[in-house]
Amino acid sequence: MTDERMRRWRLVLGGEAQESTGVALAGDDTGIDAALAALYNSGDGPGGQGQRAAGPRTAGLGGSAPNVARWLGDIRRYFPSTVVQVMQADAIERLNLTRLLLEPEMLRAVEPDVHLVGTLLSLTGVMPDSTRQAARQVVATVVAELERRLEQKTRAAVTGALNRAARVNRPRHRDIDWNRTIRANLAHYQPDYRTVIPHRLIGYGRRASAVQRDVVLCVDQSGSMAASVVYSGVFAAVLATVKTLKTSLVVFDTAVVDLTEKLADPVEVLFGTQLGGGTDINRAIGYAQGLVTRPRDSIFVLISDLYEGGVRDEMLRRVAAMTGAGVQVIVLLALSDEGAPAYDRENAAALAAMGVPAFACTPDAFPELMAAAIERRDLTAVVEKLTGGFPPG
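The rules behind each value
Residues numbered from 1 in each chain as written. Predicted model: local features only at pLDDT ≥ 70, side-chain atom pairs only at ≥ 80, totals over all residues. Heavy atoms only, no water. 1 Å grid on protein atoms, 1.4 Å probe; cavity = no way out; pocket = protein on both sides within 12 Å on 5 of 7 lines; lining within 4 Å. Points joined across faces, edges and corners; volume = space filled by probe spheres on them. Helix = DSSP H or I, 4+ residues; strand = E, 2+ residues; numbered from the N terminus. Nonpolar A, V, L, I, M, F, W, Y, C, P; charged D, E, K, R; others polar. Buried < 20%, exposed > 50% of the residue type's maximum accessible area, 1.4 Å probe, protein only. Pairing = 2+ DSSP bridges. Right-handed = clockwise from strand over helix to strand, strands pointing away. Expected span 1.5 Å × (residues − 1). Core = buried A, V, L, I, M, F, W, Y, C linked by side-chain atoms within 4.5 Å. Contact = heavy atoms within 4.5 Å.

Peer 1: Is there a simple way to think about empty space enclosed by the protein in this case?
Peer 2: By rolling a water-sized probe across the atoms, one finds the places where empty space is left. Counted by the stated rule, this structure contains two cavities of 30 Å³ or more. The computed volume of the largest cavity comes to approximately 70 Å³. Lining of the largest cavity is provided by Val68, Leu72, Gln88, Ile92, Leu97, Leu100, Leu101, Met106, Val110 and Leu116. At the level of elements, α4 (65-78) and α5 (81-95) are the ones that each hand at least two residues to the lining of the largest cavity. Of the residues assigned to the lining of the largest cavity, the class counts are nine nonpolar, one polar and no charged. Quantified by volume, the second largest cavity comes out at close to 30 Å³. Contributions of two or more residues to the lining of the second largest cavity are made by α10 (226-239), β4 (245-252) and α11 (266-271). Across the lining of the second largest cavity, the residue classes tally to six nonpolar, three polar and no charged.

Peer 1: Looking at this structure, I do not really get the pairing of β4. What am I missing?
Peer 2: Two faces make up the sheet, and in a regular strand the side chains alternate between them. For β4, the tally of buried residues reaches seven of eight residues, placing the bulk of the element in the interior. Of the pairings in the sheet, the one linking strand β3 (residues 213-220) to β4 comprises eight bridges and is parallel in character. Following the sheet pairing, Cys218 is matched in β4 by Val250. Since β3 and β4 lie parallel, the crossover through α10 that links them has a hand, and here it is right-handed. Direction of pairing for β4 relative to strand β5 (residues 256-258): antiparallel, over a ladder of three bridges. In the strand pairing of β5, Val251 is matched with Val257. The loop that links β4 with its antiparallel partner β5 comprises three residues.

Peer 1: What should I look at first to understand the pairing of strand β6 (residues 298-303) in this one?
Peer 2: Counting buried residues in β6 gives six out of six residues, a clear majority hidden from the surface. Neither face of β6 is left uncovered, since the one carrying Ser298, Phe300 and Leu302 and the one carrying Ile299, Val301 and Ile303 both have all their residues buried. By the bridge criterion, six bridges tie β3 to β6 in an arrangement that is parallel. Note that in β6 the partner of Cys218 across the bridge is Leu302. As judged from the five bridges shared by β6 and strand β7 (residues 328-335), these two strands associate in the parallel manner. Within the sheet, the bridge partner assigned to Ile299 lies in β7 and is Gln328.

Peer 1: How do you make sense of the environment of Ser130 when you look at a structure like this?
Peer 2: Mapping Ser130 onto the fold places it in helix α8 (residues 129-165). Spatially, the C-alpha atoms of Ser130 and Pro104 are 6.9 Å apart, while their sequence positions differ by 26 residues.

Peer 1: Before we go on, may I ask you to explain α10 in this structure?
Peer 2: In an α-helix there are 3.6 residues to a turn, and that puts residues three or four apart on one side. End to end, α10 covers 20 Å across 14 residues, agreeing with the expected 20 Å (1.5 Å per residue, within 8%). Taking burial as the measure, the 14 residues of α10 include 14 buried ones, the bulk of the element.

Peer 1: How should the nonpolar core be read in this particular structure?
Peer 2: General note: in soluble globular proteins, nonpolar side chains tend to be found buried as a group. In this structure, Trp71, Phe79, Leu332, Phe366 and Leu369 are the most contacted members of the largest nonpolar core, which totals 89 residues. Of the residues forming this core, the biggest block, 12 residues, is contributed by α8. For Leu332, the residues in contact, after removing those within four places along its chain, are Val301, Leu302, Ile303, Ser304, Phe359, Cys361, Phe366 and Leu369. Grouped together as the second largest cluster of nonpolar side chains are 26 residues, Ile281, Val292, Ala350 and Ala358 included.

Interpretation in functional terms is not warranted from these geometric data alone.
The structure is reproduced here in structure tokens:
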């Protein structure tokens with residue numbers, strides 16, 4: 001084994017592996033080893049919780065805010081931002097850093113990411129005023145980054161789909177799209193007349209400011225859906241900027257909150273959520289039904305793990321009623337980069353039997369999904385393409 005490989009094994013295994021690897025750390029490696037030890041090999045790590053692991057690694061930061069701030073600075077010095085985000089998430093989960101996130105100096109030291117935003121949103125009910133401004137800055141930083149990543153792709157996919165969907169089949173003469181009309185009617189070519197007899201005319205959609213589609217996003221804000229809540233809020237704010245869409249955002253636990261009026265500011269949207277609590281999907285769908293005034297021009301997106309605490313049979317009846325009226329219904333078990341979520345398989349199967357796709361969707365795939373829904377394409381093929389297989393259920 002090379003010296004570099006042995007060095008890496010020594011850092012992975014900790015001080016107890018120094019004799020077996022024959023590696024003595026020096027320079028920055030001692031700082032890296034101490035940062036790893038504080039989190040992964042010591043019960044007295046950044047949050048001061050848990051049992052101390054056996055072995056030479058005994059570095060610990062206790063519950064001291066200054067020491068935690070120093071540790072956060074160290075990991076940002078020694079590791080790339082992607083690794084820093086993983087270590088922060090591990091510290092919050094393993095070592096109970098949640099309490100310290102209520103201190104402004106902690107928030108100024110952390111690396112902002114989606115998971116940290118989710119944690120902060122779950123703390124809004126107990127967050128002191130002195131911390132709230134720092135928390136808003138963290139959330140605003142993450143939201144701005146997500147908008148840079150997602151806005152252009154989303155707007156391009158959605159507006160393109162709206163333009164295609166706006167083409168009409170009974171156009172006035174001046175609105176006929178002759179290229180598409182001829183291609184659609186080539187089967188009706190008449191050799192004797194050396195021309196095509198069009199059985200169907202295809203026209204350009206008139207570029208009006210009238211609303212073409214109503215979109216209702218209904219988001220489960222139970223604790224397990226934190227990342228999905230963040231992405232949903234950003235997407236809803238982006239969709240709300242498309243003038244030919246009417247976008248509504250509803251979040252729910254056992255109560256329902258309509259955040260549509262806040263969509264001009266995605267940071268306000270996210271601070272309007274309250275992660276945690278129970279789940280009443282049936283009540284949320286009932287509220288969303290009241291927002292649907294043009295069923296055949298409406299898209300209803302339920303983002304939930306489908307663990308229903310309300311009346312299951314009524315929930316399924318409401319979904320059936322919406323699809324029967326012509327609403328395009330989509331269920332996302334998650335809207336995040338976190339992979340396959342835990343979800344209620346029985347409810348997912350019941351929805352699939354109705355022809356309603358229920359699957360996990362990444363943020364990068366969401367614009368294409370919305371474009372397909374706007375054009376009222378068969379979503380089975382789209383879901384299979386986006387997920388690499390058929391949706392669950």
